[in-house]
Amino acid sequence: MLAQKLHLLRHNVLSFVSSRTGSDFTRRQYDVIVVGGGHAGTEAAAAAARLGAETLLITQKIMTIGALSCNPSLGGVGKGQLVREVDALDGLCGRAGDAAGVHFSILNRSKGPAVWGPRAQLDRERYRQFIQSELLSTPRLTVLEGSVDELLVSQPNPEEPGHHRVTGIRLVDGSHPILSSSVVLTTGTFLSGSLFMGQTTSPGGRMGDAQSCAGLSYTLKETLGLRVGRLRTGTPPRIVKESVDLSLAQLQAPDKQPTPFSFLNTHTRCKPEEQLPCYLTHTTPGVERVVRESVHLNCHIQQDAKGPRYCPSIESRVLRFPGRRHQVWLEPEGLTSDLLYPQGLSMTMPPELQLRLLREIPALHRAEIRTPGYGVQYDFVCPTQLTPSLQVKSTQGLFLAGQINGTTGYEEAAAQGLWAGVNAGRTALSLPPMALSRTQSYIGVLIDDLVGRGVTEPYRMFTSRAEFRTYLRPDNADLRLTPRGFEEVGCVTLRRYKKAVSVRDGLQEALMALQSVALSSTRWREKLGNISLSENKSTTLNGLDLLQYKDVSFEMLASAFPECLSQYFEYSQRLKIEAVYRPHCEKQSREMERIRSEESLSLPSDMDYLSLPVSLSQEVREILDRVRPNTLGAATRLPGMTPAGIIHLLNYVLRTGQRNRHTEHRNRSSQKEGEKGQLCASNIPISQ
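From a predicted model like this one, the values you see are computed outputs, not experimental measurements. (Residues numbered from 1 in each chain as written. Predicted model: local features only at pLDDT ≥ 70, side-chain atom pairs only at ≥ 80, totals over all residues. Heavy atoms only, no water.)

Enquirer: Provide a residue-level description of helix 8 (residues 285-293), including the pertinent values.
Expert: Along helix 8, the positions that sit buried rather than exposed are Gly286, Val287, Glu288, Val290 and Val291. Along its buried surface, helix 8 packs onto helix 9 (314-320) and helix 10 (351-358). (Buried < 20%, exposed > 50% of the residue type's maximum accessible area, 1.4 Å probe, protein only. Helix = DSSP H or I, 4+ residues; strand = E, 2+ residues; numbered from the N terminus. Contact = heavy atoms within 4.5 Å.)

Enquirer: An account of the packing of helix 14 (residues 494-516) against helix 19 (residues 572-597) is needed here, citing residue identities and associated values.
Expert: Running from N to C, helix 14 and helix 19 point in directions that differ by 65°, and their axes come no closer than 11 Å. For the element pair helix 14 and helix 19, the recorded crossing hand is right-handed. Together, Val503, Leu507, Ala510, Leu511, Leu514 and Gln515 of helix 14 and Arg574, Leu575, Glu578 and Arg582 of helix 19 make up the contact between the two elements. Split into classes, the residues belonging to the contact of helix 14 with helix 19 amount to 6 nonpolar, 1 polar and 3 charged. (Axes fitted to C-alpha atoms, helices over the stretch in contact; angles between N-to-C directions. Left-handed = near helix turned anticlockwise from the far one by under 90°. Nonpolar A, V, L, I, M, F, W, Y, C, P; charged D, E, K, R; others polar.)

Enquirer: A description of the pattern of salt bridges should follow, citing residues and the corresponding values.
Expert: Counted by the stated rule, this structure contains 32 salt bridges. Among the salt bridges present, the one from arginine 496 reaches aspartate 87, with a minimum N-O distance of 3.0 Å. Taken together, the positions of arginine 496 in helix 14 and aspartate 87 in helix 4 (residues 79-88) put the pair 409 residues apart, joining distant regions of the chain. A single burial state applies to arginine 496 and to aspartate 87, both of which are buried. Of the charged contacts, one joins arginine 170 and glutamate 150 as a salt bridge, the two residues approaching to 3.0 Å between their closest N and O atoms. Here arginine 170, found in strand 8 (residues 164-171), pairs with glutamate 150, found in strand 7 (residues 148-154); they are 20 residues apart in sequence, far enough to count as distant. (Salt bridge = Lys/Arg side-chain N within 4 Å of Asp/Glu carboxyl O.)

Enquirer: Requested: an account of unusual backbone geometry, with residues and values cited.
Expert: Despite not being glycine, arginine 140 shows a phi value in the positive range, around 70°. Among the structural elements, arginine 140 can be located in the loop between helix 6 (124-136) and strand 6 (141-145). Positioned with a positive phi, serine 430 is a non-glycine residue whose angle comes to about 60°. On the secondary structure map, serine 430 appears in the loop between helix 11 (410-428) and helix 12 (442-453).

Enquirer: I'd love a proper account of the pairing of strand 10 (residues 194-197), names of residues and values included.
Expert: Residues Ser194 and Phe196 line one face of strand 10 and the alternating positions Leu195 and Met197 line the opposite face, and both faces are buried. Where strand 10 lies against strand 19 (residues 374-381), 3 bridges are found, and the strand directions are antiparallel. Counterpart to serine 194 in the pairing with strand 19 is glutamine 377. Pairing between strand 10 and strand 11 (residues 200-203): 4 bridges, direction antiparallel. By the bridge assignment, leucine 195 is partnered in strand 11 with serine 202. Here strand 10 folds back onto strand 11, and the loop between the two strands holds 2 residues, one of which, glycine 198, carries a positive phi near 65°. (Pairing = 2+ DSSP bridges.)

Enquirer: If you had to explain the confidence of the model for the protein chain to someone new, which residues and values would you point to?
Expert: Per-chain confidence: the protein chain averages 88 in pLDDT, with 89% of residues scoring 70 or above. Between residues 1-27, whose pLDDT stays under 50, and residues either more than four places distant or in other chains, the model counts 29 contacts. Long-range and interchain partners of residues 679-688, a stretch whose pLDDT sits below 50, account for 0 contacts in this model, where long-range means more than four residues apart. (pLDDT = per-residue confidence, 0-100.)

Enquirer: Could you give an account of the sheet that holds strand 10, naming the residues involved and the relevant values?
Expert: Pairing is antiparallel across the open sheet formed by 4 strands, whose spatial order is 11-10-19-12. Of all strands in the sheet, those with a lone pairing partner are strand 11 and strand 12 (228-235), marking the two edges. Sheet twist, expressed as the mean angle between neighbouring strand axes with direction ignored, is 25°.

Enquirer: Help me get a handle on the pairing of strand 16 (residues 327-332), residues and values and all.
Expert: Here strand 15 (residues 278-282) runs beside strand 16; their pairing, made up of 4 bridges, is antiparallel. Each residue of the ladder has a partner; that of histidine 282, found in strand 16, is glutamine 327. As paired elements, strand 16 and strand 17 (residues 339-343) share 4 bridges and run antiparallel to each other. Looking at the pairing, leucine 330 lines up with proline 342 of strand 17. Between strand 16 and strand 17, which pair antiparallel and follow one another directly, the connecting turn spans 6 residues.

Okay, here's the thing in structure tokens:
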């Protein structure tokens, strides 16, 4: 059914373009045009349309909308938080992950829930079908197959900041321009992209797709004068599953009960018993030998363009860390796929050497390659040229999202795409732009890092980048973002808003019910049995206090007080997490307020950070010593600074400042006493 729908759409779109006369088509205008149908583009187009903007999505191939170009997975540590937040703002990728997942797991489960990483292996075909189906059923959204050659640029609106204004696009086929109030560029790796395999180079952004358009890159660099850099990435070969000896790899089972990404879903499409396993294996000395022998045949690895630090090619890993054993994950590509994805083996050497390298790994000693790995180099726009709304500062109506901003990963692209689409739609509808604070969301952290600090290598999200991660948890993204998304931003549907409000009210009632149950520690031990509650505790504890203890669950409390707690079983996990983190969140809130109120606090220019008598890591000391920020606010924005480091620095400066002021006051007092003494002495008459 979906294939028929897509065929009809493509036919209708192309018929529409070809049947229009030139004069008719020039009058066709949209509120928002989104260029690119990847993870950033699909979220941008859907978000702008949800806002009420007439939106046009232009992509080279309609059938590749929502394609997973690299790893067939979604989420992870830091990345899973982004997926949950995109979903909380009514984005697509979370629900698509629930529909397409074939292996669900929560990473970092041994640590606290604040840094848990929801993750899923995906069925490529199911994911693509879900995204396409959603877009085709989105009101006010039109999809056009084509390539954009250039942006239409005019004089700016003098009442707004900027040197240029984008008013639409022109397609490569030379057809008449398509006008719009806002344009969102989500070109991924297609902006002056080049493909590398061995010593062979060809223009393009993805194997099998049309080459990139140089005209768009020219417009950005020459017409708009934007600073553009060069980055690189790569993808591993796809291996025929039947050629792999999985008995020589370590089986990695999924979670017994899949955890959905979307707050709208209580279960995933894939049943627990239908999930597929992953497998873990490792590189060998033979792998390192093949890499070293083939360096001279690998032009991609010899380029100056920066590659991803946290997902490097096997060539980069071997050359940077010689003699080490590196992990290789063998991951399924779908329920009916006959391929495996070898995560950790991205490579760009010639195909025959790729096969030789694979066969140096015991589990892959008979491996067959369906599609060889390759590298990509592409242009990106330095993101410090953007505002927090992801609009180009110098160009009215132009927004950028995804890899064009120097990021890597589906999740980072989706988060930027959604927010760029929101603001492109708001701009087109004459509404003010919106920004997300880094104290509100990981999306805010991501955007603030990009526009405030820029990138020197492909940017990836980690929980460590967020100063207040005990508050920015995956479990409460709906409470943090959905109400604002509906009431202020306008990108959330009424259905999702009602559900979020219902959950918020239910949790609040449950918290009040827990606080209403208060007993002495003795009575709690009588009620709950053997719990690790100190016998010396004489204070009264309520249910919320008790839920902070590791061996106390909501189910235990509800069984002891069924009349007031049993109705809240559906919130049991969220209540446990809320209880555990509430003291930390309250402390962080106070720290946030302190940091905000002291942002302008001057840091002494002669401060010796390397020997400062406070608890700072060596990395933080070196950052502070190298940059020497003038204020506390400037220090908070330094890459690598930790929340704890900022608090220790703040306390030290305030403490020493008070001590110095006290010393100065005492010195001034002593000086005044001395002056008074001198004055009194001068008034004594000299005896004759």
